[in-house]
Amino acid sequence: MLERLFKLSENGTTVRTEVIAGLTTFLTMAYIIFVNPAILSDAGMDRGAVFVATCLAAAIGCFIMGFVANYPIAQAPGMGLNAFFTYAVVLGMGHTWQVALAAVFCSGILFILLSVFKIREWIINSIPMSLRTGISAGIGLFLAFIALKNAGIVVDNPATFVSLGHITSLPAVLASLGFFLTIALVHRGLKGAVMIAILAVTALGIIFGDVKWGGLMSVPPSIAPTFMQLDFSSVFELGMISVVFAFLFVDLFDTAGTLVGVAQKADLIDKDGKIPRLNKALLADSTATSVGALLGTSNTTSFVESTAGVAVGGRTGLTAVVVGILFVLALFFSPLAGMIPAYATAGALFYVAILMMSGLVSIDWRDITEAAPVVVTCLLMPLTFSIAEGISLGFIAYAAIKAMSGKGRDVSMSVWVMSAIFIVKYVFAG
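Now for a description of the structure that goes with this document. All of these numbers come straight from a predicted model, not from anything done at the bench.

Attention now goes to helix H16 (residues 342-357). With 16 residues, H16 ought to run about 22 Å at 1.5 Å a step, and its terminal C-alpha atoms sit 22 Å apart, in line with that. Each element contacted by the buried residues of H16 is listed here: helix H3 (32-41), helix H8 (129-151), helix H9 (170-187) and helix H10 (193-207).

Listed below in structure tokens is the structure:
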């Protein structure tokens, strides 16, 4: 049955290899079951319900990717998008988390439509690579700022807006230790490095009396507090357009980049340089986002950590299915997830930030018309505390700079259209 479903021999793999690959991928991305509830709970969402929604959304996404697209790519609620959900849309813009979930759902539906009508290639190809890189790096800076804030290393200051906090406090010291440990373990090639560091910092928190032991396993908490709690009352207002598009674009680019990277690593790209079954893979991602919103979590997306499983031989959707099964089993570890303090996940956030900023090396810094919009996008995300504003102003800056520099022909129609939409939003929505 497995041979018929996943074509194992055709892809030069075995059940044993796929299971090992699935376990490897899960260990490298399991930190999301701790980090996602911690971030979304800051938006006022029930932490236990978000934990369940995270595990279920990840499992469903993995099953769809495995059975439908037959790719060794795991899915789960994405980093960056969950921070945007909480700190920008809910805490920054003042919307309820129910409205934010509705925006996530709408972005998923738009993603599905773009995939069905095959418009996604036009969008991906027409957005300049520099802007895509700037968006990813900007989200990285945004995550780094949140990590420092959660650790108490950076604090509010009325005179200078932010300043150095009490770096000798227990949260700051343990968060720093978690970051150093994460980098050291990753450098040594240890699978599950991020999760090990999070658990180690939590254990130290328990030892020093800052974290109370709550148990290891139990029956999963109720998902009722977040299940089907979407509020569409404000989603179609002009001011929310950039939010929905931000969810959509970041998910779209993140998924496309991950698919290309994992497919190259697994040698799954055909002779024409195209990715087979790309449409099915994108549909799996977009469907998982919509389902995840109904369950009660931010965008579900493809995880670049899937390359860890590919590196040990994963070649088919069976790898993704194994990851999905492990996420289902993780449902019974909710007490452990509930004990994780914010500073324990700070190191993971900072590590992810480093990965997301690495793409800046590909920018042509000698061409100021390419570099300037990237810097605008990168800096304005953390400084405005909003991924959406960084994307909006980055698009506008790119179009304006190119036009005024006599390079208007370099600007694609999609960039002109998006820039115009964002300008209208600022004029009429303030």
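From this point, things continue past the structure.
Right, let's talk about the pairing of strand E3 (residues 161-164) for a bit. Note: strand E2 (residues 154-157) against E3, four bridges, orientation antiparallel. By the bridge assignment, Val155 is partnered in E3 with Ser163. Between E2 and E3, which pair antiparallel in sequence order, lie three residues.

Before going further, it helps to spend a moment on a nonpolar patch on the surface. A contiguous nonpolar patch, built from Ile109, Leu110, Leu113, Val116, Phe117 and Ile119 and spanning about 500 Å² of accessible area, is present on the exposed surface. Tracing the backbone through its elements, the reader meets Leu113 in helix H6 (residues 97-116). Residue Leu113 is classed as partly exposed on the basis of its relative accessible area, which comes to 39%.

Taken as a whole and assessed by the stated rule, the structure comprises eight aromatic pairs. Here Phe26 and Phe327 contribute two aromatic rings whose centre-to-centre distance is 5.1 Å and whose plane-to-plane angle is 80 degrees, an arrangement assigned as edge-to-face. One end of the pair, Phe26, is in helix H2 (residues 15-29); the other, Phe327, is in helix H14 (residues 317-329), and 301 residues separate them in sequence. Judged by its relative accessible area of 11%, Phe26 falls in the buried class. Residues Phe105 and Phe232 carry aromatic rings whose centres are separated by 6.0 Å and whose planes lie at 80 degrees to one another, so their mutual orientation is edge-to-face. Placement of the pair is Phe105 in helix H6 and Phe232 in the loop between H10 and helix H11 (241-265), with a sequence separation of 127 residues. The partly exposed category is assigned to Phe232, whose relative accessible area is 36%.

On to the pattern of salt bridges, then. Counted by the stated rule, this structure contains four salt bridges. Here Lys407 and Asp367 are joined by a salt bridge, their closest N and O atoms 3.6 Å apart. On the criterion of sequence distance, the pair formed by Lys407 in the loop between helix H18 (387-404) and helix H19 (413-429) and Asp367 in the loop between H16 and helix H17 (368-384) is long-range, its members being 40 residues apart. You can call Lys407 partly exposed: its relative accessible area is 30%. Of the charged contacts, one joins Glu370 and Lys402 as a salt bridge, the two residues approaching to 2.8 Å between their closest N and O atoms. In this pair, Glu370 is assigned in helix H17 and Lys402 in helix H18, connecting sequence segments 32 residues apart. Each member of the pair, Glu370 as well as Lys402, carries the same accessibility label: buried. Salt bridges sharing common partners tie together Glu370, Lys402 and Asp410.

Once that is clear, we can look at the packing of H6 against helix H12 (residues 278-295). Relative orientation of the contacting elements H6 and H12 amounts to 160 degrees, with a least axis distance of 8 Å. In terms of their interaxial angle, H6 and H12 are classed as roughly antiparallel. Our pair here, H6 against H12, has a crossing hand that is left-handed. Of the residues in H12, those in contact with Leu101, Val104, Phe105, Ser107, Gly108, Ile109, Phe111, Ile112, Ser115 and Val116 of H6 are Asn279, Leu282, Leu283, Asp285, Ser286, Thr287, Thr289, Ser290, Ala293 and Leu294. Among the residues making up the contact of H6 with H12, the classes are represented as 11 nonpolar, eight polar and one charged.

Once that is clear, we can look at H9. Between its first and last C-alpha, H9 extends 26 Å over 18 residues, near the 26 Å set by a 1.5 Å rise per residue. Inspection of H9 places Ala172, Leu174, Ala175, Gly178, Phe179, Thr182 and Leu185 among the buried residues, and these make up the whole buried set. Where H9 is buried, its residues touch H8, H10 and H16. Residue Gly189 follows H9 closely and has a positive phi angle near 75 degrees.

All right, on to the side chain of Thr377 then. With respect to the helices and strands, Thr377 occurs in helix H17. A residue is classified by how much of its surface remains accessible, and Thr377, at 1% relative accessible area, is buried. What Thr377 contacts, discounting residues up to four positions off in sequence, is Leu131, Gly134, Ile135, Gly138, Gly390 and Gly394.

A separate point is the state of the cysteines. With the rule as written, the count across this model stands at zero disulfides. Lacking any disulfide linkage, Cys55 is separated from the closest cysteine sulfur, that of Cys62, by 11 Å. For Cys55, a relative accessible area of 1% gives the class buried.

Before going further, it helps to examine the packing of H8 against H16. Viewed as axis vectors pointing N to C, H8 and H16 meet at an angle of 160 degrees, and their least axial separation amounts to 8 Å. By the angle between their directions, the pair H8 and H16 is classed as roughly antiparallel. In this structure, the crossing between H8 and H16 has a hand that is left-handed. Of H16, the residues touching H8 (which contributes Ser136, Ala137, Ile139, Gly140, Leu141, Leu143, Ala144, Ile146, Ala147, Leu148, Asn150 and Ala151) are Ala342, Tyr343, Ala346, Leu349, Phe350, Val352, Ala353, Met356 and Met357.

Phe85 and Phe327 are the most contacted members of the largest nonpolar core, which totals 125 residues. With residues up to four places along the chain from it excluded, the contact list for Phe327 reads Phe26, Met29, Ile32, Ile33, Cys55, Ala58, Ala59, Gln75 and Ala76. Counting residues in each nonpolar core, the second largest holds six residues, with Ala137, Ile363, Val374 and Cys378 among its members.

Okay, unusual backbone geometry next. Notably, Lys7 is not glycine yet its phi reads approximately 55 degrees, a positive angle. Here Lys7 is to be found in the loop between helix H1 (2-6) and H2. Here Asn70, not a glycine, exhibits a phi torsion of approximately 55 degrees, which is positive. Relative to the helices and strands, Asn70 is located in the loop between helix H4 (47-69) and strand E1 (75-77). Taking relative accessible area as the criterion, Asn70 reaches 10% and is therefore assigned buried.

Quick notes on the rules
- Residues numbered from 1 in each chain as written.
- Predicted model: local features only at pLDDT ≥ 70, side-chain atom pairs only at ≥ 80, totals over all residues.
- Heavy atoms only, no water.
- Helix = DSSP H or I, 4+ residues; strand = E, 2+ residues; numbered from the N terminus.
- Expected span 1.5 Å × (residues − 1).
- Contact = heavy atoms within 4.5 Å.
- Pairing = 2+ DSSP bridges.
- Patch = residues over 30% accessible without salt bridge, like charges linked within 9 Å, V, L, I, M, F, W, Y side chains within 5 Å.
- Areas by Shrake-Rupley, 256 points an atom, 1.4 Å probe, with all protein chains shown as cover.
- Salt bridge = Lys/Arg side-chain N within 4 Å of Asp/Glu carboxyl O.
- Buried < 20%, exposed > 50% of the residue type's maximum accessible area, 1.4 Å probe, protein only.
- Phe/Tyr/Trp six-rings, centres within 6.5 Å; stacked < 30°, edge-to-face > 60°.
- Axes fitted to C-alpha atoms, helices over the stretch in contact; angles between N-to-C directions.
- Parallel < 35°, antiparallel > 145°, perpendicular 65-115°, else oblique.
- Left-handed = near helix turned anticlockwise from the far one by under 90°.
- Nonpolar A, V, L, I, M, F, W, Y, C, P; charged D, E, K, R; others polar.
- Disulfide = S-S within 2.5 Å.
- Core = buried A, V, L, I, M, F, W, Y, C linked by side-chain atoms within 4.5 Å.

Read these as layout, nothing more, since geometry by itself doesn't imply function.
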